[in-house]
Amino acid sequence: MNATDVNLYLVGFMGTGKSTVGRAVAHKLGFHMVDSDHEIERQQKKTIPEIFAQEGEAAFRAMERAFIESGHTGERTVVSCGGGLVVQPGMLGMLQSRGVVVCLHASVETILARTSRQQNRPLLVAENPEERIRTLYAAREPVYRRAGTMVLTDSRPLGDIAAHVVRIWQRDARDFAAAKR
C-alpha cells in the first residue's frame, strides 16, 4: 500500500467539526469523503433520531460497526465517524488497522454552541443538554485521547485545521503504509 492511498478516520465528540473538516481535508487530498452518520441514514432510509427511537442505540452502534467493516472504500477515503463510534469496544483498534486516526477536540462551550442549532442529536435530547454533553464527554474522553493525534478546533480557521490534519495524515500514513509492507 502506498502512503498516498491510506484512509483517514476523523473521530471525536459531536460538534468538534469532523464532517466540515473532513470535507476540507478530502478536497485537499483529492480523496472521497464519507460521513458514517449520513451513510447509515441513507442505507436505512431513516434519520438517526428515528433509528434511536425505533431500534435503539445498540442497533445504531451495530450499524456503525457494519459500516466500518464493509461500508466504505478501503483506500483514498476520509471517513467522518459519528461521535460514539470509536468508543465502542474494539472499534478504535479496527479503525487503526484500516488507516490513520485523527481525533478532533473542542471545548464543551464550543460543542454546546455548535450542537444547539441541530435537531438530529438524539443523545442531546435532555432537560439539560450542557450537563448531558459534560457527562458524555467525560465518559468518552479517555478513548478519544488514545485514538490518535488530537487537533483542537476551537476558534481556528477551517483552512488552518484542515492543513494541520493533512500534515498529521501525511506523517502517520507513511508509518502506516510501511507497517503494512
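Before any of the text, the structure's been laid out above.
None of the values given here were measured: they were computed from a predicted structure.

On to the pattern of salt bridges. Once their charged atoms are close, side chains differing in charge can pair, the charge on each being opposite to the other. Taken as a whole and judged by the stated rule, the model has eight salt bridges. With a shortest N-O distance of 3.0 Å, Glu57 and Arg61 are connected by a salt bridge. Here Arg61 and Glu57 lie together in helix H4 (residues 57–70), a separation of four residues that amounts to about one turn. The exposure class assigned to Glu57 is partly exposed, which follows from its relative accessible area of 36%. A salt bridge links Glu64 to Arg61; the nearest nitrogen and oxygen atoms lie 2.9 Å apart. Of the two residues, Glu64 and Arg61 are both situated in helix H4; the distance of three residues between them amounts to about one turn of the helix.

The periodicity of an α-helix, 3.6 residues per turn, causes residues three or four positions apart to be oriented the same way. Between its terminal C-alpha atoms helix H7 (residues 129–147) stretches 25 Å, which fits the 27 Å expected from 19 residues at 1.5 Å a residue. Where H7 bends most, at Arg140, the angle is about 45°, and the proline Pro142 comes one to four residues later. Among all positions in H7, only Ile133, Leu136, Tyr137, Arg140, Val143, Tyr144 and Ala147 are buried. The inward-facing, buried residues of H7 contact strand E1 (7–12), H4, helix H5 (91–98), strand E4 (99–105), helix H6 (108–115) and strand E5 (149–152). Following H7 by one or two positions, Gly148 has its phi on the positive side, about 160°.

What follows covers the sheet that holds E1. Strand order in the open sheet formed by five strands is E2-E3-E1-E4-E5, with parallel pairing between adjacent strands. Lying at the two open borders of the sheet, with one neighbouring strand each, are strand E2 (32–35) and E5. Strand after strand, the sheet turns through a mean of 25° between neighbouring axes, direction not considered. Pairing of E2 with strand E3 (residues 77–80) involves four bridges; the strand directions are parallel. Paired with His32 across the two strands is Thr77, which belongs to E3. Each of E1 and E4 is contacted by H5, which is oriented at about 125° to E4, the strand it contacts most. Its contacts with the sheet place H7 against E1, E4 and E5, and it is angled at close to 140° to E4.

This brings us to the packing of H6 against H7. Closest axis-to-axis distance for the H6/H7 pair is 10 Å, and the angle between their directions is 125°. Taken as axis vectors, H6 and H7 run oblique relative to one another. When the axes of H6 and H7 are compared, the crossing they make is right-handed. Residues Val108, Glu109, Ile111, Leu112 and Thr115 of H6 form the contact with H7, whose own contacting residues are Pro129, Glu130, Ile133, Arg134 and Tyr137. Along the lines of polarity and charge, the residues of the contact of H6 with H7 split into six nonpolar, one polar and three charged.

Cut-offs applied
- Residues numbered from 1 in each chain as written.
- Predicted model: local features only at pLDDT ≥ 70, side-chain atom pairs only at ≥ 80, totals over all residues.
- Heavy atoms only, no water.
- Salt bridge = Lys/Arg side-chain N within 4 Å of Asp/Glu carboxyl O.
- Helix = DSSP H or I, 4+ residues; strand = E, 2+ residues; numbered from the N terminus.
- Buried < 20%, exposed > 50% of the residue type's maximum accessible area, 1.4 Å probe, protein only.
- Expected span 1.5 Å × (residues − 1).
- Bend = angle between axes of the 7 residues up to and from the residue.
- Contact = heavy atoms within 4.5 Å.
- Pairing = 2+ DSSP bridges.
- Axes fitted to C-alpha atoms, helices over the stretch in contact; angles between N-to-C directions.
- Parallel < 35°, antiparallel > 145°, perpendicular 65-115°, else oblique.
- Left-handed = near helix turned anticlockwise from the far one by under 90°.
- Nonpolar A, V, L, I, M, F, W, Y, C, P; charged D, E, K, R; others polar.

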